[in-house]
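# Structural characterization, general
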Amino acid sequence: MDIEELQTFVEVADAGGVSPAALRLGVSKSIVSRRLFRLEAELGVQLLARTTRGAALTEAGATFRDYAARVCAEIDVAKETILPAGDLRGRLRVAVPLSFGQTHFAPILAEMARRHPQLQIHTCYSDRFVDLITEGYDCAIRVGYLQDSNLIARRVGPLYGKLVASPDYIKAHGSPETPEELVAHEALMQGTEAWQLMDGDKIITVRPQGRFKADNGPALVAAAAAGLGIAYLPDCLTHEFIISGALVPVMTHYPPPPAAAYVIRPPGQHPARKIRVLTELLIEYCEPVPHLAPAPLR
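Residues numbered from 1 in each chain as written. Predicted model: local features only at pLDDT ≥ 70, side-chain atom pairs only at ≥ 80, totals over all residues. Heavy atoms only, no water.

## A few points about the packing of helix α1 (residues 3–15) against helix α3 (residues 29–43)
Quick reminder of the rule: Axis definition: a line fitted to C-alpha atoms, limited for helices to the stretch in contact. Angles are taken between N-to-C directions and run from 0 to 180 degrees. Every helix listed is a DSSP run of H or I at least four residues long, and every strand listed is a run of E at least two residues long, numbered separately from the N terminus. In this scheme, roughly parallel covers angles under 35 degrees and roughly antiparallel covers those over 145, while 65 to 115 is roughly perpendicular and the rest are oblique. The contact rule is simple, with two residues in contact once any of their heavy atoms fall within 4.5 Å. Three classes are used, and their members are as follows: Ala, Val, Leu, Ile, Met, Phe, Trp, Tyr, Cys and Pro are nonpolar, Asp, Glu, Lys and Arg are charged, and the others, Gly among them, are polar.
Across the interface, α1 lies against α3 with an axial gap of 9 Å and an inter-helix angle of 110 degrees. On the basis of the axis angle, α1 is roughly perpendicular to α3. In this structure, α1 contributes E4, E5, L6, T8, F9 and V12 to the contact, and α3 contributes V32, R35, L36, R38, L39 and E42. Grouping the constituent residues of the contact of α1 with α3 by class yields 6 nonpolar, 1 polar and 5 charged.

## As for the pattern of salt bridges
Should their charged atoms come close, side chains of opposite charge can pair. Defined as follows: Think of a salt bridge as a Lys or Arg side-chain nitrogen and an Asp or Glu carboxyl oxygen that are within 4 Å of each other. Throughout, exposure labels follow a simple rule: accessible area from a 1.4 Å probe, protein chains only, divided by the maximum for the residue type, with under 20% read as buried, over 50% as exposed, and the rest as partly exposed.
What the rule picks out here adds up to 8 salt bridges. Between D66 and R65 there is a salt bridge whose closest N-O contact spans 3.3 Å. Ionic pairing is found between E111 and R115, a salt bridge with its closest N-O pair at 2.8 Å. Of the two residues, E111 and R115 are both situated in helix α5 (residues 98–115); the distance of 4 residues between them amounts to about one turn of the helix. Assessed through its relative accessible area of 38%, R115 is described here as partly exposed.

## Overview of unusual backbone geometry
The phi dihedral of M251 falls on the positive side, at around 50 degrees, and the residue is not glycine. Considering the arrangement of structural elements, one finds M251 in the loop between β13 (248–250) and β14 (259–265). Look at M251 and you get buried, because its relative accessible area is 5%.

## Observations regarding the confidence of the model for the protein chain
Keep this limit in mind: Each residue gets a pLDDT score, which is the predictor's confidence in that residue and runs from 0 to 100.
On average, residues of the protein chain score 86 in pLDDT, and 93% of them are at 70 or above. Per-element averaging of pLDDT across the protein chain places helix α6 (residues 132–135) at the bottom with 78 and helix α7 (residues 167–173) at the top with 96. With pLDDT under 50 throughout, residues 293–298 is counted as low confidence; its partners more than four residues away or in other chains account for 16 contacts.

## Overview of the layout of surface pockets
For the record, the criterion: The method works on a 1 Å grid over the protein atoms by themselves. A cavity is a set of points holding a 1.4 Å probe that cannot get out, a pocket is an open set with protein on both sides within 12 Å along at least five of seven lines, and residues with an atom within 4 Å of a point line them. Grid points are joined across faces, edges and corners, and a volume is the space filled by probe spheres set on the points.
Considering only enclosed or pocket space, the second largest pocket measures out at about 1,400 Å³ in volume. Residues that form the lining of the second largest pocket fall into these classes: 28 nonpolar, 11 polar and 4 charged.

## Focus: the nonpolar core
To keep it simple, the criterion reads: Here, nonpolar core refers to any group of buried Ala, Val, Leu, Ile, Met, Phe, Trp, Tyr and Cys residues whose side-chain atoms link them within 4.5 Å.
Counting residues in each nonpolar core, the largest one holds 35 residues, and the members touching the most others are L92, V94, F105, L278 and L282. Tallying contributions element by element places helix α11 (residues 273–286) first for this core, with 6 residues. Core analysis: the second largest hydrophobic core is formed by 17 residues, A21, A22, V32 and L36 among them.

## Considering helix α10 (residues 235–244)
Within α10 the residues assigned to the buried category are D235, C236, L237 and T238. G245, located one to two residues past α10, shows a positive phi value of around 90 degrees.

## Some points on the environment of Q7
Examined against the element boundaries, Q7 turns out to sit in helix α1. In the structure, Q7 is positioned 165 residues away from A172 in sequence and 60 Å away in space, judged by C-alpha atoms. Every residue in contact with Q7, bar those within four places of it in the chain, is listed here: C72 and D76.

## A look at the sheet that holds strand β3 (residues 90–96)
Backbone-to-backbone hydrogen bonds join strands into a sheet, with any given pair of strands oriented parallel or antiparallel. Going by this rule: By the convention used here, strands pair only if DSSP detects at least 2 bridges between them.
The strand order across the open sheet built from 5 strands is β4-β3-β5-β14-β6, with neighbouring strands paired in mixed fashion. The open sheet has two edge strands, β4 (119–125) and β6 (152–159), and neither has a second partner. Direction aside, the axes of adjacent strands within the sheet are offset by 20 degrees on average. Bridge count for β6 against β14 is 7 bridges, and the pairing is antiparallel. What sits directly across from L159, in β14, is A259. Contacts between α11 and the sheet are confined to β3, β5 (139–144), β6 and β14, with β6 contributing the most and set at about 15 degrees to the helix.

The following block contains the structure:
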């Protein structure tokens, strides 16, 4: 039985259709369909029921999927075990935040690709919440505060932030000094999120309001620099603006609590070596760099 056929079947089962599975695998839909046909012919049973919306597992397919996934995972571990030390092959699909992924994490992923020329790295840059299991990602880099989930997280570096506004905004509206004053100001937000601030050792939750919203950090930085309101942002996005005077910190007596950058992966007994290597490279780069500010790779 061909391992590629098993892997393809697992991808189709998890993705819910041939088209998304082909996108994950980086092959054409016709190749995916041929692999499925050969597998079903060899087993003598229908594994997937094709529909106009995609593909649904049959009863036999649902049973076989778990066995096929375990076989594929064991084969991956076996391949890694016999590879020369440090050598990586196969494919690594990573979800990375858009806000500073392109400036802070993209160079690290490029360095990993340089060190491992036989490894395929497929990266998605987006600030939306990516479902690793449903969308077929090996891991994700996430920043901020982690939500409770069944995913496994490894901290790779610190992340600090502050509230900022432009001098023009402060001149026109004043600078808030307390959380109570903050809620009366225009807040620049990604959605309807709450802001956490430190009052000594105590965390205060503030629910600000504002008319300008954007789904990524650089857009909020631009809005803050334009004088539209107060933004709650990581230092790695704002430090150059603060140095230039385009933005200034506000409410410095109530700083945001320290956050971090993490590598997140689906649950499993052992992480794939390619995920371990990426994690170690991120720690090597991120831990010594204050606030994840851009710095050349060592």
